[in-house]
Amino acid sequence: MAGLGHLALIMDGNGRWAEKRNLPRSAGHLEGGKAALRVVRACLQHSIPYLSLYCFSTENWKRPREEVDYLMGLFSSRVKAEIPKAKENGIRILHLGRREGLPENVLNTIDEAERETAGESRLTLQLAINYGGLDEIVRAVQKAAGNGSFDDASLLSSVDNPDVPPPDFIVRSSGEKRLSGFLLLQSSYAELGFYDKLWPDWDESMIEIILNDFESRQRRFGGI
């Protein structure tokens, strides 16, 4: 079986991690950001060319305003701070999701990150911020129909980042067993993995576990 080309991660459990330690939820999100950096480094070490991180869904706007504001500030500050390291390590950063509704500082940081890392090719990192699978499908249908052609190929070429291949393995932390709308159109033949460890506790060893798990799967894509 071919190696793991595109790993998609649903980063879940920041709030529960904080609550278990009698800390504010913001502390869990801060530690979750550190875990994301560890996972990115591990993907580089294992030559995984595509990584997608589910950071903030279109449904997450329902959370308390204070938490949403903290997350938006965290996205803006951390992504901006990591741009030089991304360029140094050959990481191309892409945004995945709806731009409308995101604060200006987040949009400016996303644009800067995409512009500054456009020439990198060692690892493509998709940051799903304000992302919903159904929302992406609706936008892709509208775009494909607006171009005067509508079939499988035109739909897939109208998603947010059509040059990124579909995920091979979609993984969720914290023990919850659902996709929460992540990459619905692209996940037809993705393998699924669910791991109990809360996201802030993830480190490089989890990527080794994921790789071993993926290698044990038999992928037939509808064949025999």
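Residues numbered from 1 in each chain as written. Predicted model: local features only at pLDDT ≥ 70, side-chain atom pairs only at ≥ 80, totals over all residues. Heavy atoms only, no water.

A. The arrangement of the pattern of salt bridges in detail. Applying the stated criterion to the full structure yields 21 salt bridges. With a shortest N-O distance of 2.7 Å, Arg98 and Asp135 are connected by a salt bridge. Of the two residues, Arg98 is situated in the loop between β3 (91-96) and α4 (104-116) and Asp135 in helix α5 (residues 133-146); the sequence distance between them amounts to 37 residues. Note that Asp111 is salt-bridged to Arg99, the shortest N-O span being 2.8 Å. In this pair, Asp111 sits in helix α4 while Arg99 sits in the loop between β3 and α4, placing the two residues 12 residues apart along the sequence. Since its relative accessible area comes to 26%, Asp111 is described here as partly exposed. Each of Asp12, Arg16, Arg172, Glu176 and Arg178 takes part in a single network of salt bridges with overlapping partners. (Salt bridge = Lys/Arg side-chain N within 4 Å of Asp/Glu carboxyl O. Helix = DSSP H or I, 4+ residues; strand = E, 2+ residues; numbered from the N terminus. Buried < 20%, exposed > 50% of the residue type's maximum accessible area, 1.4 Å probe, protein only.)

B. Main features of the packing of aromatic side chains. All told, the structure shown has 8 aromatic pairs when counted by the stated rule. Ring geometry for Tyr54 and Tyr131: centres 5.9 Å apart, planes at 80°, overall edge-to-face. In this pair, Tyr54 sits in strand β2 (residues 50-57) while Tyr131 sits in strand β4 (residues 123-131), placing the two residues 77 residues apart along the sequence. For Tyr131, a relative accessible area of 0% corresponds to the buried category. With 5.6 Å between their ring centres and 35° between their planes, Phe169 and Phe214 make a pair best called tilted. A residue pair is termed long-range when its members are at least 10 positions apart, and Phe169 in strand β5 (residues 169-172) and Phe214 in helix α7 (residues 204-215) qualify at 45 residues. The two residues Phe169 and Phe214 agree in class, both being buried. Taken together, the aromatic side chains of Tyr54, Tyr131 and Phe182 make up a single cluster linked through ring pairs. (Phe/Tyr/Trp six-rings, centres within 6.5 Å; stacked < 30°, edge-to-face > 60°.)

C. Spatial organisation of unusual backbone geometry. Even without being a glycine, Asn22 presents a positive backbone phi close to 55°. By secondary structure assignment, the location of Asn22 is in the loop between α1 (14-20) and α2 (25-45).

D. Layout of the environment of Ile110. Along the chain, Ile110 falls in helix α4. Its relative accessible area of 9% is what places Ile110 among the buried residues. Note: C-alpha distance between Ile110 and Gly32 (78 residues apart in sequence) is 19 Å. Sequence-distant contacts of Ile110, that is, excluding residues within four places in its chain, are made with His95 and Leu102. (Contact = heavy atoms within 4.5 Å.)

E. Structural context of the sheet that holds strand β6 (residues 191-194). One open sheet holds the 6 strands; their spatial order is β3-β4-β2-β1-β5-β6, and the pairing between them is parallel. At either margin of the open sheet sits one strand with a lone partner, and together these are β3 and β6. When strand polarity is set aside, the average angle formed by the axes of neighbouring strands in this sheet is 20°. Alignment of strand β1 (residues 6-10) against β5, held across 4 bridges, turns out to be parallel. (Pairing = 2+ DSSP bridges. Axes fitted to C-alpha atoms, helices over the stretch in contact; angles between N-to-C directions.)

F. Spatial organisation of helix α3 (residues 65-88). When the terminal C-alpha atoms of α3 are compared, their 35 Å separation across 24 residues agrees well with the 34 Å that a helix rising 1.5 Å per residue should span. By the largest-angle criterion, Glu82 marks the main kink of α3, which is about 40°, and a proline, Pro84, follows within four residues. Inspection of α3 places Glu67, Val68, Leu71, Met72, Leu74, Phe75, Ser76, Val79, Glu82, Ile83 and Ala86 among the buried residues, and these make up the whole buried set. Looking at the packing, one finds that the buried side of α3 touches α2, β2, β3, α4 and β4. (Expected span 1.5 Å × (residues − 1). Bend = angle between axes of the 7 residues up to and from the residue.)

G. Up close: the packing of α2 against α3. Between α2 and α3, the shortest axis-to-axis distance is 11 Å and the interhelical angle comes to 25°. On the basis of their axis angle, the class for α2 and α3 is roughly parallel. As α2 runs across α3, the sense of the crossing is right-handed. Of α3, the residues touching α2 (which contributes Arg25, Ser26, His29, Leu30 and Leu37) are Glu67, Tyr70, Leu71, Leu74, Arg78 and Glu82. Tallied by class, the residues present in the contact of α2 with α3 amount to 5 nonpolar, 2 polar and 4 charged. (Parallel < 35°, antiparallel > 145°, perpendicular 65-115°, else oblique. Left-handed = near helix turned anticlockwise from the far one by under 90°. Nonpolar A, V, L, I, M, F, W, Y, C, P; charged D, E, K, R; others polar.)

H. Structural detail: the environment of Thr124. Position of Thr124 among the secondary structure elements: in strand β4. For Thr124, a relative accessible area of 4% translates into the label buried. Note: C-alpha distance between Thr124 and Val159 (35 residues apart in sequence) is 16 Å.

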